[in-house]
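Each chain, letter by letter, is given below.
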Amino acid sequence: MASLSKSVSRGINRRISVEASGNFGRMPGQRRTYRPGFRVCNKLAHLMDSCHPWLDQGSERAGKWIPACAGMTRCAGMTRGSGPDGMRVSILLGKRSEEYVCREDDWRIAGMLRIGIVGFGFMGRTHYSCWNKVKGAGVVAVCDVNPDIVEATKKAVGNIGDAESNIDFAHIDLYGDFDKMLAEAKLDAVSITLPTFLHPDCSIKALRAGVNVMCEKPMALNVAECEKMIAAAEKTGKLLQIGHCVRFWPEYAKAKEIIDSGKYGKVIAASFRRLGSPPTWSADNWFLDEQRSGGMALDLHIHDSDYVQHLFGMPKAVYSTGAKAPGGGLAHISTQYIYDGIAVTAEGGWAMTPSFGFEMSFHLALEKASIIYDLTRNPMFKLCPAAGKPFTPKVAQGDGWLLQIKHFAKLIAGEELEVVTTLEQSRDSVKIVAAEKESIKKGQIVKIS
């Protein structure tokens, strides 16, 4: 009996008709005709937007299983759930009809975005979880130097969010060599969730290999390395996005929307906090090594430095004070960002005890309202108008990690979207933090060119 995918590849310029002998969606035996490129879903399918409405009967069925179909060759896609081995499908190519018993491999996602992840710690597993929620995308390859990565993923780590721990590796190709993954995995995009010092080289390699790149923040350890990454993206024409998730975080995004609307007047003052205990969960404690992570200011505090830039543009100068940890690294930072006519401060640190947990918060004072967000409060988010009672504005569903990855996937697909972040802004956030570190060292205001 011939292969389903082989038959499909022969029918690339013809219409294809599919009929299932079993329970196919809600209409057993229903025959429909599809033009090349449509995806046909079985009862386990997480339905794609391109499916006909008659197949969309309660779209959150189990998993992301979609058979190969017209114009699609067999694709080793990432799936979850169990495959429909043994289901009989009749395919009509022109006037000729053939029946196939489907193999599991024939029912992977056809025409999906093939995603790789390099670095499979807390953030890599967070990206995995996010990609699993993006329609038309699947993680097909993971690269990590840890030979026991399958067991390592079962450990709970991180300061916020839920890194995926229940991972089905059955349909993921595992690599210990990034170059080999780029050469073999036929990726459309890769999430780079590695220590910061590795971001430039790995991003540039992937871009030169023709792969779109979602690179975690910070962009790099210094501005010069950022410039190399920007140049590589421009030269290759591939997409490079830096993971400044706070710009996408629902409450932070809504606050910017409210400010930009002008409904409550101008911002008078703004303060931001991001506090937690030292991130000791990283492999070899690389977070605590400033040569590899950039330290607390570049890894943690940059979230708020970047958001300050997102709201108000580049500051003229910064004045920062800091406290060092027993090992000598910066443990806490407090910065005044100097603008005309507005008071803006942010503090962040890894100096809190583990029992403190994690706080990220902001207070925005506008002419006609106050906007408050605090992860530790209930409600976490509220707007307090000058006239009227406080209320919680409606925000987007999901978290910043998921929303930024959905944004990235849409850009890959060619959708025109509102600009949320640029490579130049990501570079400039590294520049701001460098100025903050310099201010602490010199004990004086540092201008930003």
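The structure contained in this document is the topic of the report that follows. (Residues numbered from 1 in each chain as written. Predicted model: local features only at pLDDT ≥ 70, side-chain atom pairs only at ≥ 80, totals over all residues. Heavy atoms only, no water.)

### Focus: the packing of helix α7 (residues 250-261) against helix α9 (residues 295-312)
Remark: α7 packs on α9, axes separated minimally by 11 Å, with the N-to-C direction vectors making an angle of 25°. Relative to α9, the element α7 is oriented roughly parallel. Regarding α7 and α9, the two cross each other, and that crossing is right-handed. Of α9, the residues touching α7 (which contributes Tyr252, Ala255, Lys256 and Ile259) are Asp304, Tyr307, His310 and Leu311. For the contact of α7 with α9, the residue count by class is 5 nonpolar, 1 polar and 2 charged. (Axes fitted to C-alpha atoms, helices over the stretch in contact; angles between N-to-C directions. Helix = DSSP H or I, 4+ residues; strand = E, 2+ residues; numbered from the N terminus. Parallel < 35°, antiparallel > 145°, perpendicular 65-115°, else oblique. Left-handed = near helix turned anticlockwise from the far one by under 90°. Contact = heavy atoms within 4.5 Å. Nonpolar A, V, L, I, M, F, W, Y, C, P; charged D, E, K, R; others polar.)

### Observations regarding the nonpolar core
The biggest cluster of nonpolar side chains holds 101 residues, and the ones touching the most others in it are Met181, Val190, Leu240, Phe272 and Leu364. Ranked by residues supplied to this core, first place goes to α9 with 8 residues. (Core = buried A, V, L, I, M, F, W, Y, C linked by side-chain atoms within 4.5 Å. Buried < 20%, exposed > 50% of the residue type's maximum accessible area, 1.4 Å probe, protein only.)

### Concerning the pattern of salt bridges
Close approach of charged atoms allows side chains with opposite charge to pair. Here the structure, examined in full by the defined rule, presents 17 salt bridges. Of the charged contacts, one joins Asp306 and Arg247 as a salt bridge, the two residues approaching to 2.7 Å between their closest N and O atoms. With a gap of 59 residues between them, Asp306 in helix α9 and Arg247 in the loop between β10 (240-243) and α7 connect regions that are remote in the sequence. Note on accessibility: Asp306 and Arg247 belong to one class, buried. Between Lys316 and Asp340 there is a salt bridge, with its nearest N and O atoms 2.6 Å apart. With Lys316 in the loop between α9 and β12 (317-324) and Asp340 in the loop between β13 (330-338) and β14 (343-349), the pair connects residues that are 24 residues apart, well separated along the chain. (Salt bridge = Lys/Arg side-chain N within 4 Å of Asp/Glu carboxyl O.)

### Observations concerning the pairing of β14
Summarising the sheet, strand β11 (residues 267-275) and β14 pair through 7 bridges and their orientation is parallel. Residue Leu275 lies in a different strand from β14, and its bridge partner there is Gly349. The pairing of β13 with β14 spans 7 bridges and is antiparallel. Pairing of Thr335 across the sheet is with Ala346, part of β14. (Pairing = 2+ DSSP bridges.)

### Quick notes on helix α5 (residues 199-208)
Burial within α5 is extensive, with 7 of its 10 residues counted as buried. Tucked into the core, α5 has its buried residues touching α4 (178-184), β8 (189-192), β9 (212-216), α6 (223-236) and β10. Remark: Gly210 follows α5 within two positions and exhibits a positive phi of approximately 85°.

### Brief notes about the packing of aromatic side chains
Tallied over the full model, the rule gives 15 aromatic pairs. Centroid distance Phe122 to Trp401: 6.2 Å. Interplanar angle 85°. Geometry classified as edge-to-face. Separated by 279 residues along the polypeptide, Phe122 in helix α2 (residues 122-131) and Trp401 in helix α10 (residues 400-412) bring together distant segments of the chain. Residue class for Phe122 comes out buried when judged on its relative accessible area of 10%. A residue is classified by how much of its surface remains accessible, and Trp401, at 6% relative accessible area, is buried. Between Tyr252 and Tyr307, the ring centres sit 4.9 Å apart and the planes meet at 80°, which makes this aromatic pair edge-to-face. Taken together, the residues span a long stretch of sequence, with Tyr252 in helix α7 and Tyr307 in helix α9 at a distance of 55 residues. (Phe/Tyr/Trp six-rings, centres within 6.5 Å; stacked < 30°, edge-to-face > 60°.)

### Some remarks on the sheet that holds β8
The sheet built from 6 strands is open, its strands ordered β7-β6-β5-β8-β9-β10 with parallel pairing. Across the chains shown, the open sheet's two edge strands, defined by having one partner strand only, are β7 (173-175) and β10. Averaged over all pairs of adjacent strands, the angle between their axes in this sheet comes to 25°, without regard to strand direction. Pairing of strand β5 (residues 113-118) with β8, which is carried by 4 bridges, proceeds in the parallel orientation. For Val118, the partnering residue across the bridge sits in β8 and is Ile192.

### Focus: the sheet that holds strand β17 (residues 381-385)
The strand order β17-β16-β15-β11-β14-β13-β12-β18 describes an open sheet built from 8 strands, whose pairing is mixed. At either margin of the open sheet sits one strand with a lone partner, and together these are β17 and β18 (446-447). One ladder, built from 5 bridges, connects strand β16 (residues 369-374) with β17; its direction is antiparallel. Each residue of the ladder has a partner; that of Ser370, found in β17, is Cys384. Running over the sheet, helix α11 (residues 423-442) touches β12, β13 and β18 and is turned about 60° from β12.

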